[in-house]
Every structure is written in C-alpha cells, then in structure tokens.
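Each chain is listed here by its residues.
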Protein chains: 2
Amino acid sequence: MRMLINAAERVVADALRGMAQAHPELVVDVEHRVIVRADAPVAGKVGLVSGGGSGHEPLHGGFVGPGMLDAACPGEVFTSPVPDQMVRAAAAVDSGAGVLFVVKNYTGDVLNFDMAAELAEDEGIRIAKVLVRDDVAVEDSTHTAGRRGTGATLFVEKIAGAAAEEGAPLERVTAIARQVADSSLSFGVALGAPATPAKGGPTFDLPPGEIELGIGIHGEPGRERRRMMTSGGIADAAVGVLLDELRPDGPVLALVNGMGATPLLELYGFGAEVRRVLDERGVPVARTLVGNYVTSLDMAGCSVTLCRADEELLRLWDAPVSTPGLRWGR
Amino acid sequence: MRMLINAAERVVADALRGMAQAHPELVVDVEHRVIVRADAPVAGKVGLVSGGGSGHEPLHGGFVGPGMLDAACPGEVFTSPVPDQMVRAAAAVDSGAGVLFVVKNYTGDVLNFDMAAELAEDEGIRIAKVLVRDDVAVEDSTHTAGRRGTGATLFVEKIAGAAAEEGAPLERVTAIARQVADSSLSFGVALGAPATPAKGGPTFDLPPGEIELGIGIHGEPGRERRRMMTSGGIADAAVGVLLDELRPDGPVLALVNGMGATPLLELYGFGAEVRRVLDERGVPVARTLVGNYVTSLDMAGCSVTLCRADEELLRLWDAPVSTPGLRWGR
C-alpha cells in the first residue's frame, strides 16, 4: 500500500506539526496532542471540546476556531484520545463559564471523556457532556455499544459552537447540543475500504462490484452488502432509512458527506439524488452542506446526515464560523 | 470499479444540479454548463472567468464567488469546455469593465478560450487572457504543448480575483494574474491512478510499491517512476525541483495540495515535510494552504505549488474570499 507518510507511528505527530504551521490562528501542542484556538480562553464563554481517533479529518481538529470548537484532542488513528488530553484541553479553554465535551459514541471515547470529566471537575472546571449517536445503520458494532457517532457531530459542534460564541451559558449550550444530537440521524455507504497506516493496507475486503450499506466511519460492518447501485439507488436507500425513523415535520439540514476518496464531482451528483428523494417525500431542505467533512482516511463512499431544524437551529447554523475545515460569514 | 454515479454520461450534469441546490449564492446553468456568482455582473468590476475539464473540483466551479472567479465553465471529465460556454460566461459577468480569462495550458483549453475571446470581442466585450503553465515536471505532455497548468491556477484565481474585487481595471488585474502565473511552479506525485467514469477504471497502471514523480492532474505521465518513498523523501524531491528553478529571494506562498484520495491527515504531515525542506533551504514561508483543491478525481497523491510573493500579492492573498471551495475573511 502506498501512503504519503514517514512511518505509521509518526503519522499523527507529523500531521499536528503541519497543522501548526498552516494555521497560526491555532495553538497546536504536538507533544500533548491538543489543538486550541489561539484566543482561548475567551472571557465569559463556554468552552467546547471534542476529540476522537485521528483519520476523520477535518473532524475534529479542523473544526477548532471561532464559532465552533475551542479545542480538540486527536487520538492515534482510529483510537480514542486519553483523558489527560481532554483535561488539558478543558483547562486551556475554561474561562470559568464551564466546558461542554462533545463525545462520539464509541466505548473508548465515552470512558475516557467520563474519566476526564471527573478529573477536570476535581480541578474546579464545570463540565457537561453530550453524546452523539446518530448512525441508524446498526444497533451495536465494533467499538460501540449502541449507535455510533458519525456525521451529526459536525452539526452538534457547529450549532452548539455558535450558541457558545454568542455567550449562552453552559446549560443552554448543552441543551442545544442535545437537541441537535437528538434530532439528527446518519447512514453511510462504503464503495471501498480505508487503509490504515498501522495495517499498511485495507481494513476489510469488499468484493469487486459490491458495496456495503450502513458502514461506520472506521470501516466497521454495516447492515448488508449489495451489488453496486447507482447514485440514485444509494440515495433512495439511505434517505429512506433516515426518514422512516426521523419523521421530520418541517425543514431539515442535510450533510452530504464524503468518506475521503470519493471525488467532489460525484458527491455533488449524489447530493442531487439525496435532494430528489427528499423532494419526493415532501421534506423541505433548509441548508445542504456537501464535502469531505467526517471522513474515514481514504475510504471511498459517502454518508447522509439529516437534522430536524427549527428556526433557532438554522439561525445558529448560519452564524459565522472560522475554522480550517468550515468557514462562513453569513 | 465502484463509483458514486448514475451513468458516466450524466456525471457532470448531476454534479451541477447538486451544486445549484447546495449553493444558492451561485447561479448554475445546468443546460449550458456555466456557474456564475449570483450578483454578477458587479457594476464597474472586471469579470474573472475560468474553466476546464471536470474532475478537478473544487477547481474551477468551487472557486466562483466574491473575491475569486465571477464564472466558471466545466467541461466533461478531463475534457475542455467549448467556446459557447466561455462566451456565455463572459456575457454574464461583464459589467463593461472587461473580462479576464484564466486558462490552464492544455491544447483544447487554449484553442477554445482563444476562439471564445474572439467571439466575445465581436459582441463588444473586452477580453484579456492569462495562461497558467506552472508544472515543472515535463516540457510537453499528453494534451499539452509546453508546461501544464496545475496548482498555480488557484493562486492566480485568488489573487487576481482579489484585485478585481477591489476595483482594479482590466490591465492591472491581468498584470497581477501574469505576475502570479510567472512567479509560480508546481510538482505533483501520484501514489495511485485516477479512475474516470467513462473508462470505468484506473487510467494507468502503477505497479505495487511504485510512485510516479511529476504526474499531471489527468494522470498524464510524469518524469519517472520510483520505489515508494517516505513523505519526507517526496518533499525533498518535489521542493528541490521547484526551488532549483524558482530561486525565490523572499517569502513564498505554499499550496500543499491533495489529488483527491490522499487523507487530510497525510497531507498535513506532508506539509510539515515541505516546510522542513523550505526551512533547510532558507526560504521563508509567508502562507501555507493545505487541502484537496486542484484534484484529479480519486487519484492518490499530492502536489506542491510555490509562488514568489511580494507584499502586494500577500495582501491580495489575505483579502476576503467567499466561495464554496475557499473562504476566509481576514
């Protein structure tokens, strides 16, 4: 397998050095693996901290900046960060207004953020947590009891981040984060397997001409393998599963997400098919974001995340954000 | 080969429908294949128009918006757009201040933009052109007489776009575009081949354990095949070639670009190695942009573009830009 790396064990450290150089607006602690916005702690502001295994970039480190996360803790590739990183992050961003941990539902992440919350509280930092478990594909999976946390993490980080940026108190930021998490569902499809540096090759075999529906963001098994489908057929399947459970009675936010190796040209075409299905089902789409945001290294494939969005969530979605991975000023 | 498409002949039309839905700030003419910023023509402003084969997204359509392009014309995958598209684009964005065509050096693009310039001038639109030919790898290549146009296109579109947005006249915008084009060089490396929808599979064979140095953005042959190298070794080779010819005596702008399927995690690590080489050679780096910007569908690999940047170019680089693919407000 050909990878653009020096050595498997250096991948995360090398990437953090690169991030530090490319983004002077961030403070990147390469040794302790914490990425913090340079102006943290912001007086009176609730801090938002997330983290998880590396390999999903721009999530989470690329979402650090005004209007989104205050800090992120990257673990090794597809491996949870440790509590020490999370405590450091919390200490770096807490202005006294408290810190919200945004946690994707993987067993290691949950345990380590729980432990970090206790340690940070011992240091006098108020901590709240929100658990993201949006993947409808499977009930339990590799690394997970209950549903996996995937694309909805972006919605939670952006919308709760906007609330925190406006000065909302910890209870309010947490309530908004929970509302977004509880209003969002995702479904992913693999057209190929991701290759991890440690393994040096694909993490699973996908026979030629087959795709996997309901894949996780670490290449964990999904619901079923099917013969290759058209973009329209995949959209029918994915959006159908989402709407059957989400049952929106108003507008939705849509994330049409690439897993890393699917060209943007194909993602936009897939987005058009997602929109077609939503139109057919009478679901108004308030905003659509298309791109590679919650990835799985070089996995070919895509996911769809839908969020039932009220006026307040849309207002917070539209609020300015300035991070390496997501920026707008409307 | 598994692709997220409906049918090869629908790929570009499907993508344009998806772009139109995701970006209400753009006017996307799916039938005639022209993407225009919604507020065009902007009174008194020079129009910037570019275009080329599809498959390099976000280039060019994703760079349409305030501070960058006024319009883009996407051709079929890896195929030049036709003069009719370019004339429509010029007519849509011309406010009377004239239009600059940003042309990547491929034979079809050059011929068609030349013809479009004549047709547009017949309609009374003042046209200027800038040719981007930054790829140092090979002198002539498939589809090209002379050097290919690659990553420097982003620099030209961003910096000349900022000048146009400020109200500079056509002569000045053109001069700045030429300065950027003449001050920039690129070198690309393939770790895998891109798969085109029409072919339904990889466009060339790269034996296991080999990489190709000096690759083009359509998978055209480069300089040589080598055994797999480390990220640091690739940076040594690429930056070495660039500096030997560019010979900067001041700061450079650096684009560390992914070809589509190389994870952002790896690109940032590669960016750190690019910086190491520049540091070793005593070249100050004013700004670094890391990401998948000038892609080749799902090709694994990367390219480095360096631009000798004076104060004025840096000021224009830093000016606000608001497009789907590149946004900032500093």
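In this text the structure is predicted, and so the values were computed from the model without any measurement.

Student: Can you walk me through the UniProt feature "domain: DhaK" (unreviewed entry) in chain A in this structure?
Tutor: UniProt's feature table lists "domain: DhaK" (unreviewed entry) at residues 7-328 of chain A, given in the numbering used throughout. Helix and strand shares over residues 7-328 of chain A are 33% and 25% respectively, and the end C-alpha atoms of the span are 36 Å apart.

Student: Sorry if this is basic, but what is going on with a negative patch on the surface here?
Tutor: On the surface, A:Glu118, A:Glu121, A:Asp122 and A:Glu123 cluster together into a negatively charged patch. Position of A:Glu118 among the secondary structure elements: in helix α3 (residues 107-122).

Student: Help me understand the interface of chain A and chain B in this model?
Tutor: Often, the extent of an interface is quoted as the loss of accessible area upon association of its parts. Each partner contributes residues to the interface: chain A has 56 residues there, and chain B has 56 residues. When residues of chain A are sorted by the area they lose upon contact with chain B, A:Arg2, A:Leu4 and A:Leu265 head the list and together hold 22% of the total. Across the chain A-chain B interface, the total number found is four salt bridges. Across the pair B:Glu273 and A:Arg10 runs a salt bridge, and its minimum N-O distance is 3.4 Å. Linking chain A to chain B there are 22 residue pairs in polar contact (both at pLDDT 80 or more). Listing elements by their share of the side of chain A that touches chain B, those giving two or more residues are α1 (11-22), β10 (210-213), α6 (231-246), α7 (264-280), β13 (285-291) and β16 (327-328) of chain A.

Student: It is not clear to me how the pairing of strand β5 (residues 99-104) of chain A should be interpreted in this structure. Could you clarify?
Tutor: Residue and element names in this part refer to chain A. Counting buried positions along β5 yields six of six residues, so the element is predominantly enclosed. Burial of the side chains of β5 extends over both faces: Val99, Phe101 and Val103 are buried on one face and Leu100, Val102 and Lys104 on the other. Of the strand pairs in this sheet, strand β3 (residues 47-54) and β5 are connected by four bridges, and their pairing is parallel. Bridged to Leu48 within β5 is Leu100.

Student: Got a minute to help me understand the nonpolar core in this structure?
Tutor: One broad rule of soluble globular proteins: the nonpolar side chains tend to lie buried together. Judged by nonpolar contacts, the single largest core of 211 residues is most densely connected at A:Leu154 and B:Leu154. If sequence neighbours within four positions are ignored, B:Leu154 has contacts with B:Phe63, B:Met68, B:Leu289, B:Tyr293, B:Val294, B:Trp317 and B:Leu326. Counting residues in each nonpolar core, the second largest holds 20 residues, with A:Met86, A:Ala89, A:Ala90 and A:Phe101 among its members.

Student: What is the right way to read helix α5 (residues 170-182) of chain A from this model?
Tutor: Residues and elements named next belong to chain A. Compared with the 18 Å implied by 1.5 Å per residue over 13 residues, the 18 Å span of α5 between its first and last C-alpha is a close match. Residues Leu170, Val173, Thr174, Ile176, Ala177, Val180 and Ala181 constitute the buried set of α5. Buried residues of α5, seen end-on, are gathered within an arc of 160° and therefore sit on one face of the element.

Student: Sorry if this is basic, but what is going on with the sheet that holds β5(A) here?
Tutor: What holds strands together in a sheet is hydrogen bonding between their backbones, with the strands either parallel or antiparallel. Residues and elements named next belong to chain A. Read from one edge to the other, the open sheet built from six strands follows the order β1-β2-β4-β3-β5-β6, with strand pairing classed as mixed. With one partner strand each, in any of the chains shown, β1 (26-29) and β6 (127-132) form the two edges of the open sheet. Here the average twist between neighbouring strands, direction ignored, is 20°. Note: β5 against β6, six bridges, orientation parallel. If you follow Phe101 over to β6, its bridge partner there is Lys129. On top of the sheet, α1 reaches β1, β2 (34-37), β3 and β4 (71-77); it is set at about 150° to β4, its chief contact.

Student: Teacher, can you tell me more about the pattern of salt bridges here?
Tutor: With the rule as written, the count across this model stands at 52 salt bridges over all chains. Among the salt bridges present, the one from A:Glu273 reaches B:Arg17, with a minimum N-O distance of 3.3 Å. Of this pair, A:Glu273 sits in helix α7 while B:Arg17 sits in helix α1 (residues 11-22), each in a different chain. Exposure remark for A:Glu273: the relative accessible area of 4% places this residue in the buried category. Note on B:Arg17: relative accessible area 28%, which makes it partly exposed. Bridged by salt links that share partners, the residues A:Arg10, A:Asp14, A:Arg17, B:Asp236, B:Glu273, B:Arg276 and B:Glu280 form one connected network.

Student: Help me understand the environment of B:Ala72 in this model?
Tutor: Residue and element names in this part refer to chain B. Position of Ala72 relative to the elements: it lies in strand β4 (residues 71-77). Judged by its relative accessible area of 1%, Ala72 is buried. Taking the C-alpha atoms as reference, Ala72 lies 16 Å from Thr150; in sequence the two are 78 residues apart.

Student: Sorry if this is basic, but what is going on with empty space enclosed by the protein here?
Tutor: In this approach a probe as big as a water molecule rolls over the atoms, and the regions it shows empty are the leftover space. One pass over the structure, following the stated rule, counts seven cavities of 30 Å³ or more. Lining the largest cavity are 20 residues, and of these B:Leu16, B:Ile35, B:Ser54, B:Glu57 and B:Pro74 sit closest to its centre. Of all elements in the fold, only α7 of chain A together with α1, β3 (47-54) and β4 of chain B reach the threshold of two or more residues within the lining of the largest cavity. Partitioning the lining of the largest cavity into residue classes produces 12 nonpolar, seven polar and one charged. In this structure, the second largest cavity is lined by A:Ala254, A:Val256, A:Gly271, A:Val274, A:Arg275, A:Leu278, A:Val285, A:Thr288, A:Val290, B:Gly18, B:Gln21 and B:Ala22. Of all elements in the fold, only β12 (252-258), α7 and β13 of chain A together with α1 of chain B reach the threshold of two or more residues within the lining of the second largest cavity. For the lining of the second largest cavity, the element with the highest residue contribution is α7(A), accounting for four residues. Residues that form the lining of the second largest cavity fall into these classes: seven nonpolar, four polar and one charged.

Student: Help me out: how do you make sense of the relation of the copies chain A and chain B in this one?
Tutor: For the pair of chain copies, the relating transformation is a rotation about an axis with a translation along it. Once chain A has been moved 0.0 Å along the axis and rotated by 180°, it coincides with chain B to within an RMSD of 0.0 Å. Such a combination of turn and shift is consistent with a two-fold rotation axis. The rotation axis passes nearest to the C-alpha of A:Ala261 in chain A, at a distance of 2.1 Å. Mapped onto chain B, 100% of the interface residues of chain A again fall at the interface, so both copies present the same surface.

Student: Looking at this structure, I do not really get the domain arrangement of chain A. What am I missing?
Tutor: All names here are of chain A. By domain assignment, chain A separates into domain 1 (8-182) and domain 2 (184-328). Placing the centre of domain 1 and that of domain 2 at their C-alpha centroids yields a distance of 21 Å. Taken together, the contacts link 48 residues of domain 1 with 50 residues of domain 2. Carbon and sulfur atoms supply 64% of the area that domain 1 and domain 2 bury against each other, a total of about 3,800 Å² over both sides.

Student: Looking at this model, I keep getting lost on the side chain of B:Lys45. Mind explaining?
Tutor: Residues and elements named next belong to chain B. Its place among the elements puts Lys45 in the loop between β2 (34-37) and β3. A polar contact of 2.6 Å, which involves the side chain of Lys45, links it to the side chain of Asp70. Not counting the four nearest positions on each side in its chain, Lys45 is found in contact with Arg37, Asp70, Ser95, Ala97, Gly98, Ala164 and Glu165.

Student: It is not clear to me how α1(A) should be interpreted in this structure. Could you clarify?
Tutor: Because each turn of an α-helix spans 3.6 residues, side chains separated by three or four positions in sequence point in the same direction. Taking 1.5 Å per residue as the helical rise, α1(A) with its 12 residues ought to reach 16 Å, and the 17 Å between its terminal C-alpha atoms agrees with that figure. The complete set of buried residues in α1(A) reads A:Val11, A:Val12, A:Asp14, A:Ala15, A:Leu16, A:Gly18, A:Met19 and A:Ala22. Of the surrounding secondary structure, the elements contacted by the buried residues of α1(A) are β1, β2, β3 and β4 of chain A together with α7 (264-280) and β13 (285-291) of chain B.

Conventions and cut-offs
Residues numbered from 1 in each chain as written. Chains lettered and ligands numbered in written order. Predicted model: local features only at pLDDT ≥ 70, side-chain atom pairs only at ≥ 80, totals over all residues. Heavy atoms only, no water. UniProt positions renumbered as here; feature names shortened; annotations may be inferred. Helix = DSSP H or I, 4+ residues; strand = E, 2+ residues; numbered from the N terminus. Patch = residues over 30% accessible without salt bridge, like charges linked within 9 Å, V, L, I, M, F, W, Y side chains within 5 Å. Areas by Shrake-Rupley, 256 points an atom, 1.4 Å probe, with all protein chains shown as cover. Salt bridge = Lys/Arg side-chain N within 4 Å of Asp/Glu carboxyl O. Lys, Arg positive; Asp, Glu negative; His and termini not counted. Charge placed at Lys NZ, Arg CZ, Asp CG, Glu CD. Contact = heavy atoms within 4.5 Å. Buried area = accessible area lost by both parts, 1.4 Å probe. Polar contact = N/O pair within 3.5 Å; in protein donor to acceptor, adjacent residues only side chain to side chain. Buried < 20%, exposed > 50% of the residue type's maximum accessible area, 1.4 Å probe, protein only. Pairing = 2+ DSSP bridges. Core = buried A, V, L, I, M, F, W, Y, C linked by side-chain atoms within 4.5 Å. Expected span 1.5 Å × (residues − 1). Arc of directions from axis to C-beta. Axes fitted to C-alpha atoms, helices over the stretch in contact; angles between N-to-C directions. 1 Å grid on protein atoms, 1.4 Å probe; cavity = no way out; pocket = protein on both sides within 12 Å on 5 of 7 lines; lining within 4 Å. Points joined across faces, edges and corners; volume = space filled by probe spheres on them. Nonpolar A, V, L, I, M, F, W, Y, C, P; charged D, E, K, R; others polar. Least-squares fit on C-alpha atoms with pLDDT ≥ 70 in both. Domains from an automatic or database assignment.

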